Each structure stands twice: as C-alpha cells, then as structure tokens.
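# Structural features, examined
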Amino acid sequence: MKKSMILAIVGMAMSMSVHAQVQFSKFKFYVADIMDFSHLQLETKFKVTSDRNLKYVHVFFTPVNGVGDAIVDEIRGGVNANVKHTKFHHIYATGPFESKKSYTKHFDPYYIGGKKPTPFPYKVVVDYMGGGSDTILVTKDNSKTYFPCLKWIDVDYKSGFQPDN
C-alpha cells in the first residue's frame, strides 16, 4: 500500500514535469533594418499549453552561426560604451497569458554579424499567475516538446571571441 502510494506520487510528479507549459511554433531572427542586415529582431510565437495562466515567459538563448558556434553580439554607438559583449541573451514577455491561447511577441534590437544567425534557446522559465514557476533546460531530448520549429544544434559556446562577462 505504502509502496504503491509512493509510486503514484512519483508518477504524477513525472507526468506534470513532462507536460510542456509553453510551446514555441516560431523563434526566429528577422532583419529589422534593410539598411543594416546585422540589425535583427527576434520574433516568437508561442502557445500556453499549461492549465494555468502565465504571468511571464522568459527565454534564455544564444545566437548561433552556420557552423554551430555561439556568436557574440556587436555593441553600437557611444551610449553603449559601458555595455559588455555577450553570447547569452534573455528575453521575457509579460502576460497575463491565458491557458490554451497563442501569442506573438517581437524583441529587438540585436546587432549580430554573420550570415543568417539562428537564435538557439537553452533555458525557458515560466512564472504562473498566483505564484510559482518552472524552469526548463532545453536539451536534445526535450527540444521538440518546447521548440518543434527548431532543428537541434550542438552549440559550441567556447569557440570564437570570448566576452568578459
């Protein structure tokens, strides 16, 4: 009896963690300025697949070039003189986002050199209305659950220019 109760609790916990809270059908860079092809805008489209409404959706990603290396962003202008270069970016969308509904969000600007960089997510955090959150590390095994639109890339975070931060 005790053993079956523990197994039932473990099974419920596993089924809850397997269920995607959010699923992205679009996660892509677009040219934001036709006069400067390195000025990119990130467009996302996601559906809330959780039974609970979401307060915030955070995505941690890195731009990746055609050979799988993480790309450092370019910093432009005197206003950004104290900003550090980085390969790692964080976007967040503010809700409320209702369960079972889809949303499109745009984020910019990013100045990224190279031919056709791909934004590649490595972590998603969802915060729920009323409290609580889930952190999802994007792996090869679960990437199609959360980002069915993306092809898996074994990202090399060490090659190329290394930012100080």
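It should be noted that the structure appears before, not after, this text.
In this report, the structure presented in the accompanying data block is examined. (Residues numbered from 1 in each chain as written. Predicted model: local features only at pLDDT ≥ 70, side-chain atom pairs only at ≥ 80, totals over all residues. Heavy atoms only, no water.)

Before going further, it helps to spend a moment on the sheet that holds strand S1 (residues 22–31). Strand order in this open sheet of three strands is S1-S2-S5, and the pairing throughout is antiparallel. One side of each edge strand has no neighbouring strand; the edge strands of this open sheet are S1 and strand S5 (102–111). Adjacent strand axes in the sheet meet at a mean angle of 20 degrees when their direction is disregarded. Pairing of strand S2 (residues 39–48) with S5 involves eight bridges; the strand directions are antiparallel. (Pairing = 2+ DSSP bridges. Helix = DSSP H or I, 4+ residues; strand = E, 2+ residues; numbered from the N terminus. Axes fitted to C-alpha atoms, helices over the stretch in contact; angles between N-to-C directions.)

It is worth spelling out unusual backbone geometry at this point. Omega for the bond connecting Gly 95 with Pro 96 falls within 30 degrees of zero, at 15 degrees, which places this linkage in the cis form. As for its placement among the helices and strands, Pro 96 is situated in strand S4 (residues 89–97).

With antiparallel pairing, four strands are arranged side by side in an open sheet as S4-S3-S6-S7. Edge strands, defined here as strands with exactly one partner in the open sheet, are S4 and strand S7 (133–137). Neighbour to neighbour, the strand axes of the sheet diverge by 20 degrees on average, direction disregarded. Direction of pairing for strand S3 (residues 54–64) relative to strand S6 (residues 118–128): antiparallel, over a ladder of ten bridges. If you follow Phe 61 over to S6, its bridge partner there is Pro 121.

Taken together, the side chains of Val 31, Ile 34 and Met 35 define a hydrophobic patch exposed on the protein surface, amounting to about 360 Å² of accessible area. Among the structural elements, Met 35 can be located in the loop between S1 and S2. Met 35 sits in the exposed class, given a relative accessible area of 73%. (Patch = residues over 30% accessible without salt bridge, like charges linked within 9 Å, V, L, I, M, F, W, Y side chains within 5 Å. Areas by Shrake-Rupley, 256 points an atom, 1.4 Å probe, with all protein chains shown as cover. Salt bridge = Lys/Arg side-chain N within 4 Å of Asp/Glu carboxyl O. Buried < 20%, exposed > 50% of the residue type's maximum accessible area, 1.4 Å probe, protein only.)

This brings us to the nonpolar core. Residues Phe 27 and Phe 147 are the most contacted members of the largest nonpolar core, which totals 29 residues. Those elements that place two or more of their residues in this core are S1, S2, S3, S4, S5 and S6. Phe 147 has contacts with Phe 24, Phe 27, Val 59, Pro 121, Val 124 and Val 138, leaving out every residue within four places of it along the chain. Counting five residues, the second largest nonpolar core, distinct from the first, contains Val 64, Ala 70, Phe 120 and Val 155. (Core = buried A, V, L, I, M, F, W, Y, C linked by side-chain atoms within 4.5 Å. Contact = heavy atoms within 4.5 Å.)

Now for the environment of Ile 71. Turning to its location among the elements, Ile 71 is positioned in the loop between S3 and S4. Along the primary structure Ile 71 and Lys 158 are separated by 87 residues, whereas in three dimensions their C-alpha atoms are 9.9 Å apart.

With that settled, the discussion passes to the environment of Ile 112. Take Ile 112: it is sitting in the loop between S5 and S6. Overall, Ile 112 belongs to the buried group, its relative accessible area being 2%. Sequence separation between Ile 112 and Val 64 is 48 residues; the distance between their C-alpha atoms is 9.7 Å.

Take the side chain of Ser 50 next. Mapped onto the elements of the fold, Ser 50 is located in the loop between S2 and S3. At a separation of 2.9 Å, a polar atom in the side chain of Ser 50 contacts the main-chain amide nitrogen of Arg 52. (Polar contact = N/O pair within 3.5 Å; in protein donor to acceptor, adjacent residues only side chain to side chain.)

Below, the discussion takes up the packing of aromatic side chains. Under the counting rule described, the total for this entry stands at 15 aromatic pairs. With centroids separated by 5.5 Å and ring planes inclined at 45 degrees, the aromatic side chains of Phe 24 and Phe 46 adopt a geometry described as tilted. With a gap of 22 residues between them, Phe 24 in strand S1 and Phe 46 in strand S2 connect regions that are remote in the sequence. Each ring, one from Tyr 56 and one from Tyr 92, has its centre 6.4 Å from the other, and the planes form 75 degrees; the classification is edge-to-face. In this pair, Tyr 56 is assigned in strand S3 and Tyr 92 in strand S4, connecting sequence segments 36 residues apart. Of the aromatic side chains, those joined through ring pairs into one cluster are Phe 24, Phe 27, Phe 29, Phe 46, Phe 61, Phe 97, Tyr 103 and Phe 147. (Phe/Tyr/Trp six-rings, centres within 6.5 Å; stacked < 30°, edge-to-face > 60°.)

By themselves, these are just geometric observations and shouldn't be taken as functional.
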